[in-house]
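The lines below spell out each chain.
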Amino acid sequence: MGSKASLSATNLAVYHHHQCDLYLHNVYHRQTESKDSSRATSLLSEANFKRGLSWEDHLFKWLDRENLLLTVPSALLDPAVLYENIQADSRDHFFIAGLSFSPPNDQFEARFREAGKMPVRFGIAKPDLLEIFREKDVIKWKVIDAKVSSRVKTSHHVQLYFYTLCLSLVLPYYSFSPEGSAGIWLPPSEGFEKSEPSFEDLKSINYALLSSSLDQFFFDKLPDIISASIDDVRWHYNPQCQSCPYEHDCKSKAQAEGRLGSMANISMDDAQTLRRLLRLASQNVKTDTPPVSDIEDLHRLVAGPKKLEQLSVPFPSLIRQSKRILGLPKKGGNRESPVVEAARSRSSQVKLFRSCTLPRNEDVAVVISLKNDLTLTTPGIERYTITIISRQALPTLQLHQCGPGSELVPTLSSSISKIISEQSTFSPNLTTQFYVWSGNELSTLQRHLITTALTSNTPEQMKEVRTCIGALAQGTSLLQTAYQPLLLSGTLLNFLTHSQWSKAEVMAFLERMELSTTGTLPELRARAAKTIQQIQSEGGRAITSNSECTEFGQLPRVVVLQRELEHLIALPLPGYWDLSDCASVLLPETSPEARCPTNDQLMLLERQEITSLDESLKRRNLCMYAVLQDVRRRISEAGPNLLVNSAKVLSSTFMDLCRQEDLRKLFFVQQFEVLTRLYELWRTRIEGCPDAPVLEYVREAKKDGVRVHVFRLISGTLDVTMTDKNLSMYDKILVPDEEDNLGNDIPVEALFDDLAVSGVMFPLNDYNRSKWDSMHETVRKQLYIVDVRNIGGGEDSAKPEVILHACQRDSRVNFVPYKRYRISPRLVDFNTSKNMAALLELDLQWSTAISLAAEPPSLDHRNIPLIQMIMNPGSFQSTFCSTELLKKEQVIQKMFRELKDLGVEAAGSLILKSSQHRAAKRILSQRLSVIWGPPGTGKTYTIALSLLRLLDAEHRLGDTKRKIIFVTAMTHAAIDAVRTKIQSLMASYRAIESLPTAWLDRVCLEHVQSAHTHRAPSTRPLVYIYAGTTYQLYKFSKKYKSVQADCIIVDEAGQLGLSSLALVLRALSPDGRIILAGDSEQLAPILSANYPKIKDKRPIFGSVLDCLMYAPKTQQPTVTPAVDEPMESQGSSSLNGEEVAFNFVQLTENFRLNPDLGEFVSTIYSKSFKPQKLQARQLAQNLKLIENFRFESSTEPRWKEIQPDILISIQTFLFSLSKAMLREPQSELSPPRIHNNATIAALSAPLTQSGSINIVNDVTPPQAISLALLKLHADSRRSPGGDVLYDTHVRGEAEVATALVKMLMKCSPEDDIFVATPHRAQRDAVKAAFRRVGILNEGGTKNNSLDEDETLGLEKLKIGERGDSDGQSGEREIKEKVRIDTIERLQGSEAAFVICLFTAPKTLTSQDLSFLLERRRLNVAISRAKTLCIVVTSPNVLRPGVNVLANEETTKGYAFLKAFEERAWSFDLDVDLDRF
């Protein structure tokens, strides 16, 4: 065999697409390509290549017009010539095109040989562009590649890495310097033929991040692949193999050898899971027969009695994943795997799964086929064919309709209108379902509808696209258009009939529903209710007279048939299949539909062959329908009824209840959030909640005088729902866990209607009991609404007790002893209807308000505050008397400084720091103020004191009118924090005897806990401060309609969505103030779906803070500066490369974080922090005493429950950390690569190579160290290559956390500790380990008792003595010493020590790593620490696969974690996972 003996950048990129070692091996060694490589595949590649060239040409021409392009000859690069060309150019910034060079193969060879690897050679490299920056005498360069793609892909990053790596060695360092990043230039989203290129579409990435992920592949893995024998090269035939030149050979070999690839649609990740299963089975399950092949081994494993159950005890997550892949029911005894048997028998098999997304029948089937136009630079539809097949004669409809893409919407609109017109002539009305074959076709259809909606100009075009969207469109992409249809068939519109609405408002609703507005108020409400009920009935959401729902889950508007077949049928086709393959095995050979045109054949038909193309698409549609009918027949013959829904009556109902564009989008999002949450519940319930925790009933008991029920947790994990006020949410449902009968019985959970009781408080009362009575009879008899009160205890620690309180129709709840029940979540939602009502109310106000003549339509907010914030926050004017207020405030600030200088202690807490003072002046002078408070900067203190300053200044100006102030936040804890701070500061005011406080006597601070019972404000000239949730304040302002807020304060605004803010903004007075405080770099509101970024629009689907702080350049207003405001905080600024669009004040004094931790966290903020505290000196001494502790001889036996080697390592780690703090020599810890300025300034002697100080004496202060990194090397001899299962890994990680907490409790027994976990599984594993060693009591609380030898005589470390998080001194009462929880639940809290568990096994997917590496999540976890943050992570998180970096947000998080690594003292910890 000949040898090409070189690879190109393209080869490396294709490898990362296919993820196949065999591809690289074959390319390098010039393996002959498969003989049947498709011409269609070549045609597709050619079309994509031409589109890429067109984009490059377009980009280069634009750069040339902008005078930014230098084109060099195509000869191979000569660095000296390139240098002369650049020097001869007078521009400081431009791009070079035409560059090509030979990679530095000699230098690569030396590095390969140094590592003991076979050298790999590379061919000519041709990057698209080289960006040049001239800085003094240095030429900085950056590689740019132009890609005609909608997003950055992993393969793009691989090419950037290779080009940058080569050029960094080719270009001499004394003349050239790499800029440090590389970039992919994408075309405009609307197509480069329609828009010019933009620098906003140049997506850059730090080269250091790429090299961190790819160096190991390039210099270690790659030479191993190339040098291996072909029989030892890893490969797997799977759907990614499409377009590979060696595909046919691999397909044949996979079938012949019985490999995993002989089964259909087994991805690379799936294959790894099944290989783990087979490996563990060979190690743990006894068998008398040797391995034969993957398929036969899987067959024997599944068919063997109890084999999978035996493995499910130690490896539950692996077995769950394997059952999903193999098409096995997740519950019940083992059966044959239809996926395996299809490959063995070469015949199709039915998977015994239910489906609520494929109808069992329909009267009218509309089948759509689309062919993309490969000649367009932006993908579009070349031709379409619509086939309508009806059981009834519909004379107005044609069987087939064909045409060009430009006619698709008019044709669809006409067909939909005709079907709707015809269906009502039948009784019952005809049902209709639309079908496409693939997910790509559905995406193409949806994209075409959206593009048409954005470009329609005439009323007729808008009517047509509106009809299509109303009937067919789904998903969040609709938010890009002006069309947002109703969701859930109007189920969430019941709030329109509530008694809160006036007659004028109900008339407005009816007018928007296109109904008559005449009649009395009861008649109007009845008319609205009847129409809503009719919409629900047509959509299958209404409850019938016998309490049965007409639809389970929700049928999609357009069914993707391929997706449904994958779910229901196992086909005997290796790797992957398409419609033609599917038809060939499902349909009789003699059937004309079996001869379906392949994708390749369709692709080969040119534009000139329209007749042939249309005929082929017609045959394709008929084939699709025949396959659908055959699948239904096979399912029926298999016995069980797996298709639980019938098709629905077609409707294109479009009800524009909201007229204002932004409010309409928010109104849609509220519905979509509920739909998304319900969809996840429906998906699991239709299968009987197979992954739900299983409980076994033990006994009845009494707890705090209330009857409860005690269960034993048999399997799964369960949570006690945490609420701010310990409210009982009753957010779970409990049903008997019986063998799933896949006959006609529907699981009880699937019959439960969440929406009927989602906003009902349990236990039920006479007022709301009717909603429960509307439930299905089986639900009322067999399902319980329960609240989990406690978890823990019991005789068997492996099966802790679960205490529940149950509700049902009556008080008699009879559980059967030793019977098993499964518990699962339900939808609890008290807020959506209120949010929608508030949005609609604001929309009515906007519709009746007068347009602003001075503003263009796009900024016509009509002085509605919420809309004003979205459209143009800069239009909020300065407040009345702002200059006078600021002068009075300056007098007040000066007065407190003078009082403090005179020794008045209380005055110290009333002095604002520098940035806090700027924030206060902003609040006094502007109607809209945004206070950006990073972690520990005292934003709650700032807004509380600023409010009192405002009231004091107003009083001094003679303003004694009645005022109403709303204080709100997303959580009760945040609201309580503001209330407490205001009370504390008012007490400080009163503590100063000489201070006039008459104005304080007018202040009434009230907590609105129940709006229904809270008294109204009096008419007296008092200042009412009402603190409560947005929902309580909403109800309060609705009850007392005359209440208008003069000021609305929102704390933690980064957690609050705009729809929630609408609840209180509706009550703002015309001249009222809005004060927002929060941190946009902490966790935002939890959204169930992903929402698009709309061009030239603010991000309105996240938090209030995101909306104000981030906006496109076209919407960056100018705000009048406050008096003495430094100019650097005016206008827009940059926040880590993103534009910050609103004029805000960032608080910079940090009262929580030590200097080094503060310096690190501030790297993602626009301004650095000014530390106000130092690490407690006693910490270093306390940690050092751990050296003398001998846990093996401790009188407390629980120490022996922890792995001794882990304890020794943790003891070494903490002792070495103390030595580093005390500047003593140590060799266990690696010092930081970056020392922050605050740390360097504190050092009195140079660091040695080990990170210690050469000269140590008694006066040398301890070195403040707040960042520590534990690199967890978790390995298993039983798992080759470190292929460790997640279940095992989290147990090892939990053991490390346990050892850390036990040791820290010894070192500083009075201080609190947080253990922060991204995942609940990690938290549950840590809690189980803590209970085992006695850190937590059986109920899950911290065990505060320590044996006498446990205290070591340590001094109490008073963290609060240096100042708490708002800068006020005083020791803080520690209520909870050890807390283990997910990061979301820890937001807003703080502790002396924080342990962040960010490890992951190698088996974790890139999606899981993306969740782990979310920057806001990392920031919240790390910034909880006041004294010491210990991040526990693993090498594959610090060096993830390059595919993780394709996500821009994940890249930010990874860069943040790498920045922590560079600043932290690191320790390597080996953990033997075989012990777990």
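The rules behind the values
- Residues numbered from 1 in each chain as written.
- Predicted model: local features only at pLDDT ≥ 70, side-chain atom pairs only at ≥ 80, totals over all residues.
- Heavy atoms only, no water.
- Helix = DSSP H or I, 4+ residues; strand = E, 2+ residues; numbered from the N terminus.
- Expected span 1.5 Å × (residues − 1).
- Buried < 20%, exposed > 50% of the residue type's maximum accessible area, 1.4 Å probe, protein only.
- Contact = heavy atoms within 4.5 Å.
- Axes fitted to C-alpha atoms, helices over the stretch in contact; angles between N-to-C directions.
- Left-handed = near helix turned anticlockwise from the far one by under 90°.
- Phe/Tyr/Trp six-rings, centres within 6.5 Å; stacked < 30°, edge-to-face > 60°.
- Lys NZ or Arg CZ within 6 Å of the ring centre and 35° of its normal.
- Pairing = 2+ DSSP bridges.
- Salt bridge = Lys/Arg side-chain N within 4 Å of Asp/Glu carboxyl O.
- pLDDT = per-residue confidence, 0-100.
- Arc of directions from axis to C-beta.
- Parallel < 35°, antiparallel > 145°, perpendicular 65-115°, else oblique.
- Core = buried A, V, L, I, M, F, W, Y, C linked by side-chain atoms within 4.5 Å.

Here we come to the environment of Ala 1455. Relative to the assigned elements, Ala 1455 resides in helix α48 (residues 1448–1463). Along the sequence, Ala 1455 and Ala 208 sit 1247 residues apart, while their C-alpha atoms lie 9.2 Å from each other.

We now examine helix α43 (residues 1320–1333). In this model α43 runs 20 Å from its N-terminal to its C-terminal C-alpha over 14 residues, within 8% of the 20 Å that 1.5 Å per residue would give. Residues of α43 that are buried include every one of Gln 1322, Arg 1323, Asp 1324, Ala 1325, Val 1326, Ala 1329, Phe 1330 and Val 1333, and no others. Turning to α43, the residues buried within the fold contact α42 (1286–1307), β33 (1313–1317), β34 (1378–1382), α44 (1383–1386) and β35 (1391–1398). A positive backbone phi angle near 85 degrees is found at Gly 1334, which sits one or two residues after α43.

A separate point is the environment of Leu 496. Note that Leu 496 resides in the loop between α16 (459–472) and α17 (503–512). Judged by relative accessible area, which is 2%, Leu 496 ranks as buried. For the pair formed by Leu 496 and Phe 509, sequence separation is 13 residues and the distance between their alpha carbons is 7.7 Å. In contact with Leu 496, not counting residues within four places along its chain, are Trp 501, Phe 509, Met 513, Ile 532, Leu 657 and Leu 840.

Two numbers describe how helix α35 (residues 1030–1039) lies on helix α36 (residues 1058–1065): the axes approach to 8 Å, and their chain directions differ by 35 degrees. Classified by chirality, the crossing of α36 by α35 is left-handed. On the side of α35, the interface is formed by Thr 1030, Tyr 1031, Leu 1033 and Tyr 1034, while α36 contributes Ser 1060, Leu 1063 and Val 1064.

Further remarks concern the packing of aromatic side chains. Scanning all chains against the criterion turns up 49 aromatic pairs. On the basis of an interplanar angle of 40 degrees and a centroid distance of 6.5 Å, the ring pair of Tyr 730 and Phe 762 is categorised as tilted. Taken as a pair, Tyr 730 in the loop between β16 (706–715) and β17 (732–736) and Phe 762 in the loop between α25 (754–757) and α26 (769–773) lie far apart in primary sequence, 32 residues in all. By relative accessible area, which is 8% here, Phe 762 ends up buried. Between Phe 966 and Tyr 1026, the aromatic rings sit 6.4 Å apart at their centres with planes inclined by 70 degrees, giving edge-to-face as the arrangement. In this pair, Phe 966 is assigned in strand β22 (residues 963–968) and Tyr 1026 in strand β24 (residues 1023–1027), connecting sequence segments 60 residues apart. Judged by relative accessible area, which is 0%, Phe 966 ranks as buried. Directly above the ring of Trp 846 sits Arg 862, whose terminal nitrogen or CZ lies 3.8 Å from the centroid.

Right, let's get into the sheet that holds strand β26 (residues 1068–1078). Taken in spatial order, the seven strands make up an open sheet running β23-β24-β22-β25-β26-β21-β29, and their pairing is parallel. Every other strand in the sheet has two partners, leaving β23 (1003–1007) and β29 (1145–1146) as the edge strands with one partner each. Relative to strand β25 (residues 1045–1050), β22 is paired through four bridges, and the arrangement is parallel. Bridge pairing links Val 967 to Ile 1049 in β25. Here helix α32 (residues 939–956) sits on the sheet in contact with β21 (928–932), β22, β23, β24, β25 and β26, set at roughly 150 degrees to β26.

Between Ser 427 and Pro 428 the backbone carries a cis peptide bond, its omega angle lying at -5 degrees. With respect to the element layout, Pro 428 can be found in the loop between α14 (408–423) and β12 (432–436). Following Phe 762, the chain continues to Pro 763 via a peptide bond in cis, the omega torsion being -5 degrees. Relative to the helices and strands, Pro 763 is located in the loop between α25 and α26. Phi is positive for Asn 67, close to 60 degrees, though the residue is something other than glycine. Here the phi dihedral of Leu 488 falls at roughly 55 degrees; this positive angle occurs in a residue that is not glycine.

Across the sheet, which stays open at both edges, the six strands sit in the order β34-β33-β35-β36-β32-β37 with parallel pairing between neighbours. At either end of the open sheet lies a strand with only one pairing partner, and these are β34 and β37 (1465–1472). Across the sheet, the axes of successive neighbouring strands diverge by a mean angle of 20 degrees, strand direction being ignored. The pairing of β35 with strand β36 (residues 1425–1433) spans seven bridges and is classified as parallel. Residue pairing in the sheet places Cys 1396 in a bridge with Val 1431 of β36. Sheet contacts for helix α40 (residues 1204–1221): β32 (1267–1275), β36 and β37; angle to β37, the most-contacted strand, approximately 175 degrees. Contacts from α43 reach β33, β34 and β35, with the element oriented near 155 degrees to β34.

In this section: the pattern of salt bridges. Counted under the stated rule, the structure contains 76 salt bridges. Arg 699 serves as the salt-bridge partner of Glu 801, at 3.3 Å between the closest nitrogen and oxygen. Here the residue Glu 801 occupies a position in strand β19 (residues 801–807), and Arg 699 occupies one in strand β15 (residues 694–703), the gap between them amounting to 102 residues. In this structure, a network of salt bridges that share partners links the residues Glu 954, Asp 959, Lys 961, Lys 963 and Arg 1073.

Moving on to the confidence of the model for the protein chain. Per-residue confidence for the protein chain averages 86 on the pLDDT scale, and 88% of its residues sit at or above 70. Here residues 1237–1258 scores under 50 on pLDDT; set against residues more than four positions off or in separate chains, the count is 36 contacts.

This next bit is on helix α20 (residues 579–586). Residues Leu 579, Ser 580, Cys 582, Ala 583 and Leu 586 constitute the buried set of α20. Viewed end-on, α20 has its buried residues packed into an arc of 160 degrees, placing them on one side of the element. Residues of α20 that are buried sit in contact with α19 (561–568) and α22 (610–638).

Two elements in contact, helix α23 (residues 661–685) and helix α28 (residues 832–848), have axes separated by 10 Å at closest approach and are oriented at 170 degrees. Here α28 runs roughly antiparallel to α23, going by the angle between their axes. Contacts between α23 and α28 involve Leu 663, Leu 666, Phe 667, Gln 670, Gln 671 and Val 674 on the former and, on the latter, Thr 832, Asn 835, Met 836, Leu 839, Leu 840, Leu 842 and Asp 843.

Let us look at the nonpolar core. Ranked by size, the top nonpolar core spans 229 residues in total, and within it Phe 218 and Phe 966 carry the most contacts. With eleven residues, α23 is the single largest residue contributor to this core. For Phe 218, the contacting residues outside a window of four places in its chain are Leu 12, Phe 108, Phe 112, Phe 122, Tyr 161, Phe 162, Leu 165 and Pro 223.

What follows deals with the pairing of strand β10 (residues 380–390). Summarising burial for β10: ten of the eleven residues are buried, a large majority. Here strand β9 (residues 364–373) pairs with β10 via ten bridges, running antiparallel. Each residue of the ladder has a partner; that of Ser 369, found in β10, is Thr 385. Pairing between β10 and strand β11 (residues 400–404): five bridges, direction antiparallel. Residue pairing for β11: Thr 387 is matched across the bridge by His 400.

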